[in-house]
Amino acid sequence: MKSVLLIGLGRFGKNIALQLSRLGHEVMGVDHNEERVNEALEIVTDARIGDSTNEAFLRSLGVRGYDICYVTISNDFQSSLETTSLLKELGASMVISRAERDGQEKFLLRNGADEVIYPEKQIAKWAAIRYSSMMIHDFIELDESHSLYEVSVPEAWIGKNVIQLDVRRKHDLNIIAIKENGVMSFTVKPDTVLQAEMTLLVLGEYSALKRCFRI
């Protein structure tokens, strides 16, 4: 269980608080807007109304005592930047800040953020790749080049086994797991025969995936 300070209880911040609470973490929610704080009371462990750009207020929260500090302030980048900087100055061990536009990430990182999340950009990329082909069911980005993709079995692969297809050598992709009837199996054997109802969990670069699956 983690102790979390979450500053900014707009829609995005509130949803993070909800998910953290469901995972069993203790969440202190903070916002300058009393209405937002009241709406979040049911999903956080505790909540405070206050200005996060005020050093005395932040100090009163005891930021050193939290495992993670999220800054999810929306529509006020100056406040987000000041809050991020103050948290680090006051000894916060891990600060994760939200960016809303291109260019904000570098300023947040320079001013104390350990990690930056950019939900609009990240979900836009996910939606673009996910729906660019009916072959792709889901994907998780691992770094700038590599991702995990859940894909349908191509028609030409049905009835063939993994060693016959030799996907790693031919296409520079790795089959990590096979999903069948909703169950994911990470035991992929050379003689595993692929069927139409299966989906594959594939690791590799998007460019390799596009060539292999003709996307």
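Figured I'd write up the structure that's included with this text.

How each quantity is defined
- Residues numbered from 1 in each chain as written.
- Predicted model: local features only at pLDDT ≥ 70, side-chain atom pairs only at ≥ 80, totals over all residues.
- Heavy atoms only, no water.
- Phe/Tyr/Trp six-rings, centres within 6.5 Å; stacked < 30°, edge-to-face > 60°.
- Lys NZ or Arg CZ within 6 Å of the ring centre and 35° of its normal.
- Pairing = 2+ DSSP bridges.
- Helix = DSSP H or I, 4+ residues; strand = E, 2+ residues; numbered from the N terminus.
- Axes fitted to C-alpha atoms, helices over the stretch in contact; angles between N-to-C directions.
- Contact = heavy atoms within 4.5 Å.

**Observations concerning the packing of aromatic side chains**
Now for step 1: In total, this model carries four aromatic pairs according to the counting rule given.
Now for step 2: Put simply, the rings of F139, Y149 and Y206 pair up and form one aromatic cluster.
Now for step 3: Of note, R110 hangs over the ring of F107, and the distance from its end group to the ring centre comes to 5.8 Å.

**Quick look at the sheet that holds strand β10 (residues 183-185)**
Now for step 1: Across the sheet, which stays open at both edges, the five strands sit in the order β7-β8-β11-β9-β10 with antiparallel pairing between neighbours. Two strands close off the open sheet at either side, each with one partner strand: β7 (136-141) and β10. Within the sheet, the average angular offset between the axes of one strand and its neighbour, ignoring direction, is 25°.
Now for step 2: With seven bridges connecting them, strand β8 (residues 146-152) and strand β11 (residues 199-205) associate as antiparallel partners. Residue pairing for β11: L148 is matched across the bridge by L203.
Now for step 3: Across the sheet, helix α6 (residues 119-130) lies against β7 and β8, angled at about 145° from β7, the strand it touches most.
Now for step 4: On the sheet, helix α9 (residues 206-213) packs against β7, β8 and β11 and is oriented at approximately 130° with respect to β11.

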